[in-house]
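Topology and contacts: notes
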Amino acid sequence: MNELYLILEIVAAFLLLLVAKKAFGKVGIYAWIAMATVFANIFEAKNMTLFGLNLAAGHVMFSSIFLATDILTECYGKEFAKKGVWLGLFADICLIVLSQICRIYDPSGLDTADPAIQRLFTMSLRITAASAVMYFISNWCDVLLFSKIKELTGGKYLWLRNNVSTILCNCLENFLFYILAFLGTFTIGQIMSMGLATCLLECIIGLCDTPFLYLAKSHFRHGDEVARNNE
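Quick notes on the rules
- Residues numbered from 1 in each chain as written.
- Predicted model: local features only at pLDDT ≥ 70, side-chain atom pairs only at ≥ 80, totals over all residues.
- Heavy atoms only, no water.
- Axes fitted to C-alpha atoms, helices over the stretch in contact; angles between N-to-C directions.
- Helix = DSSP H or I, 4+ residues; strand = E, 2+ residues; numbered from the N terminus.
- Parallel < 35°, antiparallel > 145°, perpendicular 65-115°, else oblique.
- Left-handed = near helix turned anticlockwise from the far one by under 90°.
- Contact = heavy atoms within 4.5 Å.
- Nonpolar A, V, L, I, M, F, W, Y, C, P; charged D, E, K, R; others polar.
- pLDDT = per-residue confidence, 0-100.

A word on the packing of helix α3 (residues 59–75) against helix α4 (residues 78–104)
Contact geometry for α3 and α4: axes closest at 7 Å, N-to-C directions at 155 degrees. Judged on the interaxial angle alone, α4 and α3 are roughly antiparallel. Here α3 and α4 pass one another in a crossing that is right-handed. Listed contacts from α4 to Thr69, Leu72 and Thr73 of α3 are Lys78, Phe80, Ala81, Gly84 and Val85. Looking at the contact of α3 with α4, its residues break down into four nonpolar, three polar and one charged.

Given below as structure tokens:
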């Protein structure tokens, strides 16, 4: 059943990203990147079983950030995509700092949420830092690789640059995150096993985002170009 929920989340998240673009242009994509960064970090607290594997629930939202930066790169240029990556990092830092301040408030006698908030926002410094660092590196590399493939292919083969950059950078992020976060805690074999399991899911999600990128580009050609010229 979780596999069906995964499909539902992919379609809902990617369609909502396109709605944000259609309604607000690149500002909507920037807003999505900030929201997705926060949501993904919160959703990561929940574990689920997919395809017989134990995985965290934040992968679709993390992957939607790759789609968002690819849309920015394709429709507006890589400099706008780089700003989007920086914005996501800023949102991540805000979540870390402000959630920890929220945790240290003494709850009133009427409070019923504090135990859940403490459980949800208790963070390991090492894991949190590894996640933020790898978010930035992987998305930055995605923007550069997407742009380079576009240049080398003369703007052809959108599906190629989308899938190569997204899947390669996403999988690289997974392995390096597990190494930074868990080296010394788990064996190399266990880390590689976790990385491979996560990469399987990331590849599936990455392949699913290609039609949505084509839809975003089609809208850009027919309506968004005027808005860009007026900005």
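Here the narrative resumes.
Considering the confidence of the model for the protein
Per-residue pLDDT for the protein has a mean of 90; in total, 95% of the residues score no lower than 70. Within the protein, helix α9 (residues 210–230) has the poorest average pLDDT of any element, 68, and α4 the best, 96. Per-residue pLDDT stays below 50 along residues 225–231; that stretch engages in five contacts with residues further than four places along the chain or on separate chains.

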